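A look at the structure
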Amino acid sequence: MSKVIVVTGAANSIGRSTCRELALAGHRVYVSTRDANGQNAHGFEATGAETDKPGIDVRTLAFDVGSEASVNAAIETIVAENDRLDVIVHNARQVVYGPTEAFTPEQLAELYDINVLSAQRLNRAALPQLRKQGQGLLIWITSSCARGGAVPFLGSYASSKAAMDALALGYAGELARWGIETSIFVPSALGPGHYVRSGRPTDTIRAEEYADGPTANLSEIALSGVAQLSQKDRTPQDVGRAIADVVDMPFGQRPLRVHFGPDDDGAAAVDATANRARTELLRRIGLEDILAPTVIT
């Protein structure tokens, strides 16, 4: 059955691939980017070009995930047009790289606003409709750096993804009895090119101290190592295709987590241990039922 889906962060590589694969699978996809007319315009236009084919239903509804009013208006429009909303794909993100100390509190606040609070705004706008329906799916795109080995200079970005991961797990348990499923997708380390082009600390004096001190070669070693790992990563197309496959799975059979790429940083192993601990805790406190979504009749 065709589903109505919202995808944020459609301008990045995983977002474009996800929109394309979902549309090719026959779903109606509402594409969102944070800034369709600014720095993300090229990626936003590319998404439309790739899916501009007969029978492909991709609808561009640009809204600012940083604005509660904008998000609320977008969800109201989608529900008014379809009388339902089935899937939310949380993919909006900003990547930053540099000494954690050199990022100002204001920068971290902006990073968390994009990588974490944007998902909260969208959930608050969309979940009343999904709970009313008694069925829905939240897909979260996190990163192996949130749970795996800590790579130097990725502390700020990894912390935002760890916060997103914790938020997703919290929602998973709280929404299960409402018939709403959760799937967390965990791509492995990004290629070094992503970090080279990413945001940098605004406190350049602190950053230079790290570049000139005993950590002078830290970045070079880290990026070289990440490059060796990323050669084995799956492509964004693989991630998008896997997301489409999960969307098409029957209710109650969707996995809580899907890892991509080799487990070089140990994220999959850590998640497996954490999931066993979560499962055991919920059973011990009498909440075993929220480990799986409830069928609402």
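Presented here is an overview of the structure given in this document. Keep in mind the model is a prediction, meaning the values are calculated, not measured.

Right, let's get into empty space enclosed by the protein. Vacant regions in the atomic arrangement are exposed by a probe of water-molecule size rolled over the atoms. For the coordinates displayed, the defined rule picks out 2 cavities of 30 Å³ or more. Volume-wise, the second largest cavity comes out at about 50 Å³. Looking at the second largest cavity, the residues that line it are S144, V186, S188, H259, F260, G261, P262, D263, D265, A267 and A268. When the residues that make up the lining of the second largest cavity are grouped by side-chain class, the tally is 5 nonpolar, 4 polar and 2 charged.

This brings us to the packing of helix α4 (residues 105-133) against helix α5 (residues 155-175). Orientation of α4 relative to α5, taken along the N-to-C sense of each, is 15 degrees, at an axis distance of 9 Å. In terms of orientation, α4 lies roughly parallel with respect to α5. As α4 runs across α5, the sense of the crossing is right-handed. Facing L108, L111, Y112, N115, V116, Q120, N123, L127 and R131 of α4, the residues of α5 in contact are S156, Y157, S159, S160, A163, M164, L167, Y171 and L175. For the contact of α4 with α5, the class distribution of residues is 11 nonpolar, 6 polar and 1 charged.

Judged from the 4 bridges that link them, strand β1 (residues 4-7) and strand β2 (residues 28-31) form a sheet pairing that is parallel. Its bridge partner being in β2, V6 is matched across the sheet by Y30. Taken together, β1, helix α1 (residues 13-24) and β2 constitute a β-α-β crossover, and its handedness is right-handed.

Right, let's get into α4. End to end, α4 covers 40 Å across 29 residues, agreeing with the expected 42 Å (1.5 Å per residue, within 8%). Where α4 bends most, at D113, the angle is about 45 degrees. Just downstream of α4, G134 is the residue with a positive phi angle, here 75 degrees.

Below, the discussion takes up helix α3 (residues 68-82). With 15 residues, α3 extends 21 Å from end C-alpha to end C-alpha; this agrees with the ideal 21 Å at 1.5 Å per step. Within the sequence span of α3, burial applies to V71, A74, I75, I78, V79 and N82. End-on, the buried residues of α3 take up no more than an arc of 130 degrees, which puts them together on one face. The exposed residues of α3 that point more than 90 degrees off its buried face are A69, E76 and A80. Taken from the residues just after α3, D83 is the one with a positive phi, measuring 60 degrees.

Attention now moves to the sheet that holds strand β3 (residues 58-60). Here we have 7 strands laid out as an open sheet, ordered β3-β2-β1-β4-β5-β6-β7, and parallel in their pairing. Because the sheet does not close on itself, it has two edges, and the strands there are β3 and β7 (257-259). Along the sheet, successive strands turn relative to each other by an average axial angle of 20 degrees, direction set aside. Summarising the sheet, strand β4 (residues 87-90) and strand β5 (residues 136-141) pair through 4 bridges and their orientation is parallel. Among the inter-strand pairings, H90 is bridged to a residue of β5, identified as W140. The sheet strands contacting α4 are β4, β5 and β6 (180-186), and the helix crosses β5 at an angle near 165 degrees.

What follows is about the pairing of β4. Both faces of β4 are covered, namely the face carrying V87 and V89 and the face carrying I88 and H90. Crossover β4 to β5 through α4 is right-handed.

So, on to unusual backbone geometry. For D83, which is not glycine, the phi torsion reads 60 degrees and is therefore positive. Summarising the element assignment, D83 is placed in the loop between α3 and β4.

About the thresholds
- Residues numbered from 1 in each chain as written.
- Predicted model: local features only at pLDDT ≥ 70, side-chain atom pairs only at ≥ 80, totals over all residues.
- Heavy atoms only, no water.
- 1 Å grid on protein atoms, 1.4 Å probe; cavity = no way out; pocket = protein on both sides within 12 Å on 5 of 7 lines; lining within 4 Å.
- Points joined across faces, edges and corners; volume = space filled by probe spheres on them.
- Nonpolar A, V, L, I, M, F, W, Y, C, P; charged D, E, K, R; others polar.
- Axes fitted to C-alpha atoms, helices over the stretch in contact; angles between N-to-C directions.
- Helix = DSSP H or I, 4+ residues; strand = E, 2+ residues; numbered from the N terminus.
- Parallel < 35°, antiparallel > 145°, perpendicular 65-115°, else oblique.
- Left-handed = near helix turned anticlockwise from the far one by under 90°.
- Contact = heavy atoms within 4.5 Å.
- Pairing = 2+ DSSP bridges.
- Right-handed = clockwise from strand over helix to strand, strands pointing away.
- Expected span 1.5 Å × (residues − 1).
- Bend = angle between axes of the 7 residues up to and from the residue.
- Buried < 20%, exposed > 50% of the residue type's maximum accessible area, 1.4 Å probe, protein only.
- Arc of directions from axis to C-beta.

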